[in-house]
2 protein chains.
Amino acid sequence: MGQAPVGGRSDWLAAQLRRAIADGRLPVGTRLPATRVLAAELGVSRGVVTEAYQRLGADGQLAGRGRGGTVVVAAPVPLMSGRRTPAAGADVDPARADVDSARAVVDTARADMARTDMARAGTAHSAAPFAAPFAAPFAAPFAAPPDADVFDALRAAPARIDLSPGVPDLAAFPRAAWLRAERAVLADLPADGFGYGDPRGAPALRQAVAHWLARNRGIGADPDEVLIVAGTAQGLGLLAQVLSRAGIREIAVEEPGSLGVRQHLTHWGLATPPVPVDDEGVRVDALRASGARAVLLTPAHQFPTGVVLGGGRRRELMRWATDGGVDGGLIVEDDYDAEHRYDRAPVPALRSLLPERVCYAGSVSKLLAPALRVGWLLAPAAHREALVEAKRFADLGNAVLPQLVLARLMESGELERRLRLARQRHRRRRDAMIEAIRTRLPGATVHGAAAGLHLTLTFDHDGAGPSDTDLAAAALARGVKVQPLSWHAQRPYRPGLVLGYAARSPGEIAEGVAVLGEIMARG
Amino acid sequence: MGQAPVGGRSDWLAAQLRRAIADGRLPVGTRLPATRVLAAELGVSRGVVTEAYQRLGADGQLAGRGRGGTVVVAAPVPLMSGRRTPAAGADVDPARADVDSARAVVDTARADMARTDMARAGTAHSAAPFAAPFAAPFAAPFAAPPDADVFDALRAAPARIDLSPGVPDLAAFPRAAWLRAERAVLADLPADGFGYGDPRGAPALRQAVAHWLARNRGIGADPDEVLIVAGTAQGLGLLAQVLSRAGIREIAVEEPGSLGVRQHLTHWGLATPPVPVDDEGVRVDALRASGARAVLLTPAHQFPTGVVLGGGRRRELMRWATDGGVDGGLIVEDDYDAEHRYDRAPVPALRSLLPERVCYAGSVSKLLAPALRVGWLLAPAAHREALVEAKRFADLGNAVLPQLVLARLMESGELERRLRLARQRHRRRRDAMIEAIRTRLPGATVHGAAAGLHLTLTFDHDGAGPSDTDLAAAALARGVKVQPLSWHAQRPYRPGLVLGYAARSPGEIAEGVAVLGEIMARG
């Protein structure tokens, strides 16, 4: 059995193939392209194609014929329930039913990519006769204001070069060290350890996180204060539930600020009044004026601008949080990428200064890999018990084995070694991106590149240029995935792009930025 | 770094030790008992004690002195926030400050156990001078009607023999096969697989679950219909959120029926009107009379009674579900232990009969281990999109590596091989329990032993005997952990006990049942 890559690309390709077989564009007997060939044509990894072929093989629609390749052997079985099937014949040119199968599959895929690109940067593909009936598994990401599934849509869209922000160098995941630690965990764990666990998390990981935060973030915390969660996304959701029950109905957020975070808070019933960020970080005067009793901040490296919260602002913020006595303001500190910094001293966490007013959220998503879904929450004592209850009723606690593996990697120093290596690699990639921007996008301004895993570009073209969603759509149509800055603002904002560099090689970065430069040059 | 067992026992012991050091019962210089000795005295695994010692070692309160053993080297650092500390001196007998340290620690622990046992079955320990100030990390489990944290409290309570229901033979967890599969997954996974994934779950696992359900439960489902969740607990929570938003405010439950399930549904805002279960399963006439539009059932092996839903009842239920057309009833099928059966043919899942009216929930908690936190939900098409959204905003999807490992174990046939072996072992253990009950508890009636991982006892003593919570408390005081049947009923019900046999050896089972017999004999 093959391992599918995450992210729905195999899913998406399998769906395309199913439909092409269902409506006769790939008749029984057709030989499909070799996985290697199709992967290269689509700009996806070979595993994506292999997995899609295997899925249809499992359905009985495809079969391997040795040197004869992979062949369509049956049309799909009709599904029982609620699945859309393309209207028979509609929009399909019967004259093309016999075209070379590779061409048909590639056209199908490319047409799907082209749909994301309707507004301005249209290419020849958008006129392909296959375009209409082949909906992507999620809506096209840039066609409308971002919806709840927009990040899934963007992830599912195929691209040669993915410059989405928010991921570290995933190729550096310490596979061997992970496996060694897992072997040790499996050797040591008593049988009862495989039963239901403590909803607060495994004691070993809570202790390892407390040590990690002491060493790396200047936070002194007892392991009992640490709640292990399934990533910051879950942590913020649990906190939103607890705050709602405590009568807090809104939480101020930075403007601009993370779209994803805002979507989660909104889903859980909190309003998110925007408070502007300037070169010193969040404007505390505006926060006061908003009347909000809670605020979510990214003080170490503001997302997306990369600004560091200045000393004066920190002091103002402390006063805001403590002014009301026990009813003072609550600060939610999303410390999402603070371990990654290049040209500056570390910024201490707000949590280290004011533990009773700060709820601290961290995770391994930017340290190791988002796919691990492990994070931690350190809440003021007043909210701790309610958070444990929310976690219990969310899922009874995180899975145990990955917690114990991670605890070993943290306590043995392995994770810090990895982080030091990653920092060097990330810095080179950041430098490559800045250099490419200097030469290919000379009109753009770079923000927030001293730390983190992404930088932000803005374009000051007096409102005459394209919108940043159109730019992002045009880039995706040319195989380069980026996020428009406007996604991360609630009010009109300067057009810009948010570019992740940590997960791509210098060569890919140069190529991706060159594509952006060509698009900008065409205007 | 040692691996802590799950379940808060180390946590609890560490807290006891911290308090004993803080209030001077274990002064600096005291030598603690060897881990082996203390573990035996407390009836916990040695890892629990080792982990507790290591935690205090990390705090700087204990230190290893080679052959000199483990010694108290410092009193604890006061904590910043909201931690209760025992009132200085209160309830502590200063004359005992110098007692042998092992005795003090054991007394502390035993006193804590004895607190669970206040009503009737009091032992000498409950009068120990240390009892009052040492609260368990959670409330004593049987002292009051069960609270939200009652299962955590029961899990945290030390016991020699744990006959709690709901876990398979955890000692049989396939550690080597898991590690082999993980090695293969780590070797194959493309780098992007470590990024954010599909909130619906990894395609490979969704496909493996579809195949598994086809082979083992007679369910024909497309992988696209499978939503991977963090165990049935999360699945039911997501469903409750979706039903609430769809205007459904109550879901009928079986009476008696799982307390844990009811707690989850209630937490998420659904009322749980009880519908009686008789020897044929849920009373569909009573369900109709309740007016509820949704019902949660355990048709294959009713929890806790073990009744199988009869053929006539199935047909009645189908009519109830389809009578209202598109507004017909929704059945939530909690298929929690259906793969385990001994003396009867498999019972097909309701989902296989009526896919558009049944939301099916399954998990690996009873197949492999609850600590994995992996389950699946197959919902009618009308609710599927909302469930994906609920899962996205719960945690962005399950962690990827364990999903892919599990997919391999399922697709390779390894999991089915394990299940066949487990079935033989579980049957022997069930037989041992029935034999012990026959000889030691001749007045008890056994229910539901033809399948599953637990059986239920009832006592017909005309209301003259002790309550089942008192029985469970007395058993816990003697080191045997069981659940009272009354926990699992919303209305007054026959007294009884729910006993898990799958995770314990025949010898432990015989010993545990013997203790129950002695308690019953004493009246």
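Basis of the calculations
Residues numbered from 1 in each chain as written. Chains lettered and ligands numbered in written order. Predicted model: local features only at pLDDT ≥ 70, side-chain atom pairs only at ≥ 80, totals over all residues. Heavy atoms only, no water. Buried < 20%, exposed > 50% of the residue type's maximum accessible area, 1.4 Å probe, protein only. Helix = DSSP H or I, 4+ residues; strand = E, 2+ residues; numbered from the N terminus. Pairing = 2+ DSSP bridges. 1 Å grid on protein atoms, 1.4 Å probe; cavity = no way out; pocket = protein on both sides within 12 Å on 5 of 7 lines; lining within 4 Å. Points joined across faces, edges and corners; volume = space filled by probe spheres on them. Nonpolar A, V, L, I, M, F, W, Y, C, P; charged D, E, K, R; others polar. Core = buried A, V, L, I, M, F, W, Y, C linked by side-chain atoms within 4.5 Å. Least-squares fit on C-alpha atoms with pLDDT ≥ 70 in both. Contact = heavy atoms within 4.5 Å. Axes fitted to C-alpha atoms, helices over the stretch in contact; angles between N-to-C directions. Buried area = accessible area lost by both parts, 1.4 Å probe. Salt bridge = Lys/Arg side-chain N within 4 Å of Asp/Glu carboxyl O. Polar contact = N/O pair within 3.5 Å; in protein donor to acceptor, adjacent residues only side chain to side chain. Expected span 1.5 Å × (residues − 1). Parallel < 35°, antiparallel > 145°, perpendicular 65-115°, else oblique. Left-handed = near helix turned anticlockwise from the far one by under 90°. Lys, Arg positive; Asp, Glu negative; His and termini not counted. Patch = residues over 30% accessible without salt bridge, like charges linked within 9 Å, V, L, I, M, F, W, Y side chains within 5 Å. Areas by Shrake-Rupley, 256 points an atom, 1.4 Å probe, with all protein chains shown as cover. Charge placed at Lys NZ, Arg CZ, Asp CG, Glu CD. pLDDT = per-residue confidence, 0-100.

**Let's talk about the pairing of strand S10 (residues 358-363) of chain A**
Residue and element names in this part refer to chain A.
Inference 1: S10 sits mainly inside the fold: six of its six residues count as buried.
Inference 2: Neither face of S10 is open: one carries Val358, Tyr360 and Gly362, the other Cys359, Ala361 and Ser363, and all of them are buried.
Inference 3: As judged from the four bridges shared by strand S9 (residues 330-334) and S10, these two strands associate in the parallel manner. When the sheet's bridge partners are listed, Glu333 is paired in S10 with Tyr360.
Inference 4: Two elements, S10 and strand S11 (residues 375-378), share four bridges in a ladder whose sense is antiparallel. Across the sheet, residue Ser363 finds its bridge partner in S11, namely Gly375.

**Examining empty space enclosed by the protein**
Inference 1: Within this structure, the stated rule accounts for eleven cavities of 30 Å³ or more.
Inference 2: The computed volume of the second largest cavity comes to approximately 210 Å³.
Inference 3: Split by residue class, the lining of the second largest cavity holds ten nonpolar, six polar and four charged.

**Overview of the nonpolar core**
Inference 1: Core analysis: the largest hydrophobic core is formed by 90 residues, its most contacted members being Trp376(A) and Trp376(B).
Inference 2: In terms of nonpolar packing, the next biggest core, distinct from the first, is built from 58 residues, Phe393(A), Ile248(B), Cys359(B) and Ala394(B) among them.

**What about the sheet that holds strand S13 (residues 454-459) of chain A?**
Residue and element names in this part refer to chain A.
Inference 1: Strand order in this open sheet of four strands is S12-S13-S16-S15, and the pairing throughout is antiparallel. Both outer strands of the open sheet, strand S12 (444-447) and strand S15 (483-484), are each paired with one neighbouring strand and no more.
Inference 2: Bridge count between S12 and S13: four bridges; the pairing is antiparallel. By the bridge assignment, Val446 is partnered in S13 with Leu457.

**Some remarks on the relation of the copies chain A and chain B**
Inference 1: Rotating chain A by 180 degrees and translating it 0.0 Å along the rotation axis places it on chain B, where the RMSD comes to 0.1 Å. In symmetry terms, the pair is related by a two-fold rotation axis.
Inference 2: In this assembly, 100% of the residues forming the interface of chain A have copies in chain B that are likewise at the interface, indicating an isologous arrangement.

**Some thoughts on the sheet that holds strand S4 (residues 226-229) of chain B**
Residues and elements named next belong to chain B.
Inference 1: Taken in spatial order, the eight strands make up an open sheet running S4-S11-S10-S9-S8-S5-S6-S7, and their pairing is mixed. Each having just a single partner strand, S4 and strand S7 (281-282) make up the two edges of the open sheet.
Inference 2: When strand S6 (residues 274-278) meets S7, the two strands line up antiparallel, connected through two bridges. Residue Asp278 lies in a different strand from S7, and its bridge partner there is Gly281.
Inference 3: Of the strands in this sheet, S4, strand S9 (330-334) and strand S11 (375-378) touch helix H12 (residues 381-395), which is tilted by about 25 degrees from S4.

**A few points about the pairing of S11(A)**
All names here are of chain A.
Inference 1: A two-sided burial pattern is seen for S11, the buried positions comprising Gly375 and Leu377 on one face and Trp376 and Leu378 on the other.
Inference 2: The pairing of strand S4 (residues 226-229) with S11 spans four bridges and is antiparallel. Its bridge partner being in S11, Val226 is matched across the sheet by Leu378.

**Section: the interface of chain A and chain B**
Inference 1: Chain A puts 98 residues into the contact, and the matching count from chain B is 98 residues.
Inference 2: Between chain A and chain B, roughly 8,700 Å² of surface is buried when both sides are summed, and carbon and sulfur atoms account for 57% of that area.
Inference 3: At the junction of chain A and chain B, the tally comes to six salt bridges.
Inference 4: A salt bridge links Arg55(A) to Asp224(B), with the nearest nitrogen and oxygen atoms 3.6 Å apart.
Inference 5: Here chain A and chain B share 28 residue pairs in polar contact (both at pLDDT 80 or more) between them.
Inference 6: Among the elements that take part in the side of chain A that touches chain B, helix H6 (residues 175-188) of chain A stands out by supplying nine residues, more than any other.
Inference 7: Residue classes in the side of chain A that touches chain B are distributed as 45 nonpolar, 22 polar and 31 charged.

**Quick look at helix H14 (residues 400-411) of chain A**
Residues and elements named next belong to chain A.
Inference 1: Taking 1.5 Å of rise per residue, twelve residues should cover 16 Å, and H14 covers 16 Å from first to last C-alpha, within 8% of that figure.
Inference 2: Most of H14 is tucked away, with eleven of its twelve residues classed as buried.
Inference 3: Taken together, the buried positions of H14 are Val400, Leu401, Pro402, Gln403, Leu404, Val405, Leu406, Ala407, Arg408, Leu409 and Met410.
Inference 4: At the C-terminal side of H14, Gly413 shows a positive phi close to 90 degrees.

**Some remarks on the pattern of salt bridges**
Inference 1: This structure, assessed with the given rule, holds 50 salt bridges over all chains.
Inference 2: Arg408(B) is paired through a salt bridge with Asp188(B); the nearest N and O atoms lie 2.9 Å apart. Residue Arg408(B) is found in helix H13 (residues 400-411), and its partner Asp188(B) is found in helix H6 (residues 175-188); the two are separated by 220 residues along the sequence.
Inference 3: Arg417(B) is the partner of Glu414(B) in a salt bridge, and the nearest nitrogen-oxygen pair spans 3.0 Å. Placement of both Glu414(B) and Arg417(B) in helix H14 (residues 414-440) is noted, with a separation of three residues, approximately one turn of the helix.
Inference 4: For Arg417(B), a relative accessible area of 41% puts it in the partly exposed group.
Inference 5: Each of Asp152(A), Arg155(A) and Arg392(B) takes part in one network of salt bridges that share partners.

**A word on the packing of helix H15 (residues 468-477) of chain B against helix H16 (residues 506-522) of chain B**
All names here are of chain B.
Inference 1: Taken N-terminus to C-terminus, the directions of H15 and H16 make an angle of 125 degrees; their axes are 10 Å apart at the nearest point. Here H16 runs oblique to H15, going by the angle between their axes. Pair H15 / H16 crosses with right-handed handedness. Residues Leu471, Ala474 and Ala475 of H15 form the contact with H16, whose own contacting residues are Leu516, Ile519 and Met520.
Inference 2: Its residues placed into classes, the contact of H15 with H16 shows six nonpolar, no polar and no charged.

**Concerning the environment of Ser505(B)**
Inference 1: Note on placement: Ser505(B) falls in the loop between strand S16 (496-500) and H16.
Inference 2: For Ser505(B) and Pro33(B), which are 472 residues apart along the polypeptide, the C-alpha to C-alpha distance reads 28 Å.

**Details of unusual backbone geometry**
Inference 1: In this structure, Pro256(A) follows Glu255(A) across a cis peptide bond, with omega equal to -5 degrees.
Inference 2: Here the bond from Phe303(B) into Pro304(B) is cis, since omega is 5 degrees, no more than 30 degrees from zero.
Inference 3: Mapped onto the fold, Pro304(B) is located in the loop between strand S8 (294-297) and helix H11 (311-323).
Inference 4: Not every positive phi belongs to a glycine, and Leu396(A) is a case in point at roughly 65 degrees.
Inference 5: Relative to the helices and strands, Leu396(A) resides in the loop between helix H13 (381-395) and H14.
Inference 6: Judged by its relative accessible area of 22%, Leu396(A) is partly exposed.

**Considerations on the environment of Glu508(B)**
Inference 1: With respect to the element layout, Glu508(B) can be found in helix H16.
Inference 2: In terms of polar contacts, Glu508(B) uses its side chain to reach the side chain of Arg504(B), at 3.5 Å.

**A look at helix H7 (residues 203-217) of chain B**
Residue and element names in this part refer to chain B.
Inference 1: The first and last C-alpha atoms of H7 sit 20 Å apart over 15 residues, in line with the 21 Å expected at 1.5 Å per residue.
Inference 2: Taking burial as the measure, the 15 residues of H7 include eleven buried ones, the bulk of the element.
Inference 3: Two residues or fewer past H7, Gly218 is found with a positive phi of approximately 65 degrees.

**Some points on the side chain of Thr70(A)**
Inference 1: Relative to the elements of secondary structure, Thr70(A) occurs in strand S2 (residues 70-72).
Inference 2: In this view, Thr70(A) contacts Thr30(A), Arg31(A), Leu32(A), Tyr53(A), Leu62(A), Ala63(A) and Gly64(A); residues no more than four positions away in its chain are not counted.

**Comments concerning the side chain of Arg423(B)**
Residues and elements named next belong to chain B.
Inference 1: When you line up the elements, Arg423 lands in helix H14.
Inference 2: The side chain of Arg423 is buried and forms no salt bridge, while Glu339, the nearest opposite charge, is found at 7.6 Å.
Inference 3: Setting aside residues up to four positions removed in sequence, Arg423 forms contacts with Glu339, Arg341 and Tyr342.

**A look at a positive patch on the surface**
Inference 1: A surface patch of positive charge is lined by Arg180(A), Arg183(A), Arg180(B) and Arg183(B).
Inference 2: Counting residues per element, the ones that place at least two in the positive patch are H6 of chain A together with H6 of chain B.
Inference 3: As for its position among the elements, Arg183(B) is in helix H6.

**So, the confidence of the model for chain A**
The predicted coordinates of low-pLDDT regions are not to be read in fine detail.
Residue and element names in this part refer to chain A.
Inference 1: Summary statistics for chain A give a mean pLDDT of 85 and a share of 83% for residues scoring 70 or more.
Inference 2: Contacts of residues 1-7 to residues separated by more than four positions or lying in other chains number 34 contacts, the stretch itself having pLDDT below 50.
Inference 3: Below a pLDDT of 50 lies the segment residues 109-139, which in the model reaches 66 contacts outside its immediate sequence neighbourhood of four places, other chains included.
Inference 4: Both scores are available for the predicted complex, with the pTM at 0.77 and the ipTM at 0.77.

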